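Here are the chains, one letter per residue:
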Amino acid sequence: LLEAGVPAERIHRIPNGVDAERFRPLTSDRERGEVRQKLGLPARDLVIFVGNLTPKKNVATLLDAWPAVRAKHPSAHLLLLGDGPEKIALVERADRLGLHDSVSFLGERVAPEPYLRMARLFVLPSLVEGMANALLEAMASGLPVVASRVPGNSDLVRDGETGRLVEPRDSAALAEAMLEFLASPDRARDAGARARQLIESDYAMDKIADRYLALYDNLRSRRGDLARSPAV
C-alpha cells in the first residue's frame, strides 16, 4: 500500500480475532478423561492439524516427518481434521509410509475445539498462509505450535516462546521441532500457556472488536472535523 502511494496514516492493520471462551484449554484431568471417552480418542500423545487438505497446506511434508517422530516417540498419534482434494492422495501416502496405526483422518469437524483441547501439540506446515483461524484457535486452546516460517504464521508464532517455526518442506526440521515438545511436557505446557496469554492480550475477539470500534470512532471524528472546516 505504501509503494502504491497510500499515506501511512490511512493504513490500519487489524488482525483476525478468535473466540477465547469457545476455544480454551481444559481445566482438569477429569475433564480431559471425559472428553477423550466421548470422542473415542486413543490414550496417546496427540498431535493435531486442522485445515483444508489442499496443496498449500502441505500436509504431505507432515506425513513425511511423522515416521521420525514415531521412531523416537512411539506414543505419538497424529489427528488430521479437514477434508479436501488431496485427501485420497494423503491417505495413500500415509499407507505407503506405514502410518495407518498412528495417523487418523477424521474429516471436517464443525466443532474442532474438543479435539484441540485433547492435543499436546498443533502443527501447521503450510506453504502460504494469511492469518489462519485454525492457528488462532489452537493457541487460544493453550497449545504450543510448530508451524512453517511463512507470513501469517510468523506473525503469530513467537519462535522459541509460543512454539517453533521451521522452513517449509523441511520434513527433518519439522520432525525435530515436534519432538522437542513431545519429549518435554513442561516445555510444551509453558509454550502453550504463553500462546494462550498472547491470544488473551492481543487476539481475543473482544479486543479486536474494540480496535474496530476505535478506528470507526476515529474516522467519524475526522469526518466531522472535515465537515466543520471552512471551504478553501
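Residues numbered from 1 in each chain as written. Predicted model: local features only at pLDDT ≥ 70, side-chain atom pairs only at ≥ 80, totals over all residues. Heavy atoms only, no water.

Q: So what's going on with the overall build of the chain? Which residues, and what values?
A: Each helix and strand counted, the chain has 9 helices and 6 strands in total. Counting only C-alpha atoms and orienting by the principal axes, one finds that the chain spans roughly 75 × 40 × 30 Å. Per-residue burial for the chain yields a buried fraction of 45% across its 232 residues. Summed over all atoms, the accessible surface of the chain reaches about 12,300 Å², with 50% contributed by carbon and sulfur. Each charge class in the chain can be summarised by its mean position, and for the 33 positive and 33 negative side chains these summaries are 2 Å apart. (Helix = DSSP H or I, 4+ residues; strand = E, 2+ residues; numbered from the N terminus. Buried < 20%, exposed > 50% of the residue type's maximum accessible area, 1.4 Å probe, protein only. Areas by Shrake-Rupley, 256 points an atom, 1.4 Å probe, with all protein chains shown as cover. Lys, Arg positive; Asp, Glu negative; His and termini not counted. Charge placed at Lys NZ, Arg CZ, Asp CG, Glu CD.)

Q: Residues and numbers for the packing of helix H7 (residues 171–182) against helix H8 (residues 185–203), please.
A: Contact geometry of H7 with H8 gives a least axis separation of 6 Å together with a crossing angle of 100°. It follows that H7 is roughly perpendicular to H8 by the angle criterion. Every residue of H8 that contacts H7 at Glu180, Phe181 and Leu182 is listed here: Pro185, Arg187, Ala188 and Ala191. (Axes fitted to C-alpha atoms, helices over the stretch in contact; angles between N-to-C directions. Parallel < 35°, antiparallel > 145°, perpendicular 65-115°, else oblique. Contact = heavy atoms within 4.5 Å.)

Q: Now, about the environment of Asn133: what can you tell me, with residues and values included?
A: Within the fold, Asn133 resides in helix H5 (residues 133–140). Considering only alpha carbons, one finds Asn133 and Asn52, 81 residues apart in sequence, at a separation of 12 Å.

Q: Before we move on, could you go through the pattern of salt bridges and cite the residues and values that matter?
A: Here the idea is simple: oppositely charged side chains can pair when their charged atoms come close. A complete count under the given rule lists 14 salt bridges for this structure. A salt bridge links Arg189 to Asp186; the shortest N-O distance between them is 2.2 Å. Separated by 3 residues within a single helix, Arg189 and Asp186 lie in helix H8, roughly one turn from each other. Among the ionic contacts, a cluster of salt bridges with common partners joins Arg149, Asp159, Arg164, Glu167, Glu180 and Arg187. (Salt bridge = Lys/Arg side-chain N within 4 Å of Asp/Glu carboxyl O.)

Q: Report on the sheet that holds strand E2 (residues 76–81), specifying residues and quantitative values.
A: Spatial ordering of the open sheet is given by E3-E2-E1-E4-E5-E6, a layout of 6 strands whose pairing is parallel. Either end of the sheet is taken by a strand with one partner, and the two such strands are strand E3 (103–107) and strand E6 (163–166). Neighbour-to-neighbour, the strand axes of the sheet open up by a mean angle of 20°, direction not taken into account. When strand E4 (residues 121–124) meets strand E5 (residues 145–148), the two strands line up parallel, connected through 3 bridges. When the sheet's bridge partners are listed, Val123 is paired in E5 with Val146. (Pairing = 2+ DSSP bridges.)

Q: With reference to specific residues and values, describe the environment of Leu116.
A: Residue placement: Leu116 occurs in helix H4 (residues 113–118). In this structure Leu116 comes out as buried when scored by relative accessible area, which is 1%. Sequence-wise, Leu116 and Phe49 are 67 residues apart; in three dimensions their C-alpha atoms are separated by 9.0 Å. Setting aside anything within four residues of it in sequence, one finds Leu116 in contact with Phe23, Ile48, Val50, Phe122, Glu137, Ala138, Ser141 and Leu143.

Q: Lay out a nonpolar patch on the surface in plain terms, naming residues and giving numbers.
A: A cluster of nonpolar side chains, contributed by Tyr212, Leu213, Tyr216 and Leu219, occupies part of the molecular surface with about 400 Å² of accessible area. Mapped onto the fold, Tyr216 is located in helix H9 (residues 205–228). (Patch = residues over 30% accessible without salt bridge, like charges linked within 9 Å, V, L, I, M, F, W, Y side chains within 5 Å.)

Q: Which residues make up the nonpolar core, and what values do they have?
A: Nonpolar side chains tend toward joint burial in soluble globular proteins. By size, the foremost hydrophobic cluster in this structure holds 66 residues, and its most contacted members are Ile48, Leu63, Trp66, Phe122, Leu135 and Met178. Once residues within four sequence positions are removed from consideration, Ile48 is found in contact with Leu79, Leu81, Tyr115, Leu116, Ala119, Leu121, Phe122, Val123 and Leu143. (Core = buried A, V, L, I, M, F, W, Y, C linked by side-chain atoms within 4.5 Å.)

Q: Describe the pairing of strand E1 (residues 45–50), and please don't skip the residues or the numbers.
A: With 6 of its 6 residues buried, E1 lies for the most part within the structure. On E1, burial covers both faces: Asp45, Val47 and Phe49 on one face and Leu46, Ile48 and Val50 on the other are all buried. With 6 bridges joining them, E1 and E2 adopt parallel strand pairing. From the neighbouring strand, Ile48 faces E2, where its bridge partner is Leu79. In this region the chain leaves E1, passes through helix H2 (residues 59–72) and returns to the parallel neighbour E2; the handedness of that crossover is right-handed. (Right-handed = clockwise from strand over helix to strand, strands pointing away.)

Q: Provide a residue-level description of the packing of H2 against helix H3 (residues 87–96), including the pertinent values.
A: Packed helices, taken two at a time, are described by the angle between their axes plus the distance between the axes. Between H2 and H3, the shortest axis-to-axis distance is 10 Å and the interhelical angle comes to 10°. With respect to H3, the element H2 is oriented roughly parallel. In terms of crossing hand, the pair formed by H2 and H3 is right-handed. Only Leu90, Arg93 and Ala94 of H3 make contact with H2, whose side of the interface consists of Val59, Ala60, Leu63 and Asp64. By residue class, the composition of the contact of H2 with H3 is 5 nonpolar, no polar and 2 charged. (Left-handed = near helix turned anticlockwise from the far one by under 90°. Nonpolar A, V, L, I, M, F, W, Y, C, P; charged D, E, K, R; others polar.)

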